[in-house]
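The chain contents come next:
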Amino acid sequence: MNDASRARSLTGVWQGLFSYPEQFEPCPFTATFIQVGDLISGTIHEPNQEGDGDAETFQATLEGRSRDSIVGFVKTYDGASTRDHSVHYEGILSADGDEIEGYWYIPGVWDGKFLMIRSARYEEAAARKAFARA
């Protein structure tokens, strides 16, 4: 896949972090996107940082759209744990196609920010940081 087609397609694995509006710590997550046309679907896995319920990891599906640099999707928890609601995400894809930054919200409840980085780029940045320390 060349750089131009990679920038257009969101298909792949992404590392993310979402922040809460209050006292909770930011939460990391891993998203796997599959894009066909402007439709996106996939899964999200995130750790249970609050210790509610017996699940170590929360799992969710996602469905949405990506058009030009606008990315929007709804994450719906699978209900196998204490979480069974949906969360809306709206973000902007970077010019190089490797980052999505924006806001998430649960209508009428609360909202926060999120950042997602394509896994290949995330691993590359971590390797550069580790090399710089050596």
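Below, the structure is looked at part by part. Along every chain, residues carry numbers that run from 1 in the direction the sequence is written. Whole-chain, interface and lining totals are the exception, using all residues; otherwise, since this is a predicted model, local features are given only for residues with pLDDT of at least 70 and side-chain atom pairs are given and counted only at 80 or more. Neither water nor hydrogens contribute to the side-chain values; these are computed over all heavy atoms in the structure.

Notes on the sheet that holds strand β1 (residues 12-18)
With respect to topology, eight strands assemble into a closed barrel ordered β1-β2-β3-β4-β5-β6-β7-β8, the strand pairing being antiparallel. With strand direction ignored, the average angle separating the axes of adjacent strands in the sheet is 30°. For two strands to be treated as a pair, DSSP must find at least two bridges joining them. Helix and strand assignments follow DSSP, with helices taken as H or I runs no shorter than four residues and strands as E runs no shorter than two, numbered in order from the N terminus. Note that strand β6 (residues 86-93) and strand β7 (residues 99-106) share six bridges and pair antiparallel. In the strand pairing of β7, I92 is matched with E101. To get an axis, fit a line to the C-alpha atoms, keeping to the stretch in contact for a helix; angles then go from 0 to 180 degrees between the N-to-C directions.

Some details on the nonpolar core
It is characteristic of soluble globular proteins that their nonpolar side chains tend to be buried jointly. The biggest cluster of nonpolar side chains holds 24 residues, and the ones touching the most others in it are F33, F73, I100 and M116. Only β1, β2 (27-36), β3 (39-47), β4 (57-67), β5 (70-77), β6, β7 and β8 (110-118) provide two or more residues apiece to this core. Counting residues per element, this core draws most heavily on β2, at four residues. When neighbours within four sequence positions are excluded, F33 is seen to be in contact with L10, T11, G12, W14, I40, S41, L62, F73, I100 and M116. Remark: nonpolar core denotes a set of buried residues (Ala, Val, Leu, Ile, Met, Phe, Trp, Tyr, Cys) joined through side-chain atoms within 4.5 Å. Type-normalised accessible area, obtained with a 1.4 Å probe on protein chains alone, sets the label of each residue: buried when under 20%, exposed when over 50%, and partly exposed for intermediate values. Every residue pair with non-hydrogen atoms within 4.5 Å of one another is taken to be in contact.

Looking at the pairing of β4
Residues F58, A60, L62, G64 and S66 point to one face of β4 and are all buried, whereas T57, Q59, T61, E63, R65 and R67, pointing to the other face, are not buried. Here β3 pairs with β4 via nine bridges, running antiparallel. Of the residues in β4, the one forming a bridge with T43 is T61. Examined bridge by bridge, β4 and β5 share eight bridges and lie antiparallel to one another. Following the sheet pairing, R65 is matched in β5 by G72. Where β4 folds back onto β5 in an antiparallel hairpin, the turn is made up of two residues, including D68, whose phi is positive at roughly 55°.

Section: the pattern of salt bridges
Opposite charge on two side chains lets them pair, provided their charged atoms get close. In the sections that follow, a salt bridge refers to a side-chain nitrogen of Lys or Arg positioned within 4 Å of a carboxyl oxygen of Asp or Glu. Tallying each qualifying case throughout the model produces four salt bridges. The closest approach of N and O atoms between D38 and R67, which form a salt bridge, is 2.4 Å. In this pair, D38 sits in the loop between β2 and β3 while R67 sits in strand β4, placing the two residues 29 residues apart along the sequence. Its salt-bridge partner being K75, residue E46 comes within 3.0 Å of it at the nearest N-O pair. Here the residue E46 occupies a position in strand β3, and K75 occupies one in strand β5, the gap between them amounting to 29 residues. K75 matches E46 in its accessibility class, with the two residues each being buried.

As for the side chain of R118
Summarising the element assignment, R118 is placed in strand β8. Separated by 3.4 Å, the side chain of R118 and the backbone oxygen of T11 make a polar contact. Residues adjacent in sequence count toward polar contacts only when both atoms are side-chain atoms; beyond that, a polar contact is any pair of N or O atoms within 3.5 Å, and within protein one must be able to donate a hydrogen and the other to accept it. Among the polar contacts made by the side chain of R118, one reaches the side chain of D98 at a distance of 2.9 Å.

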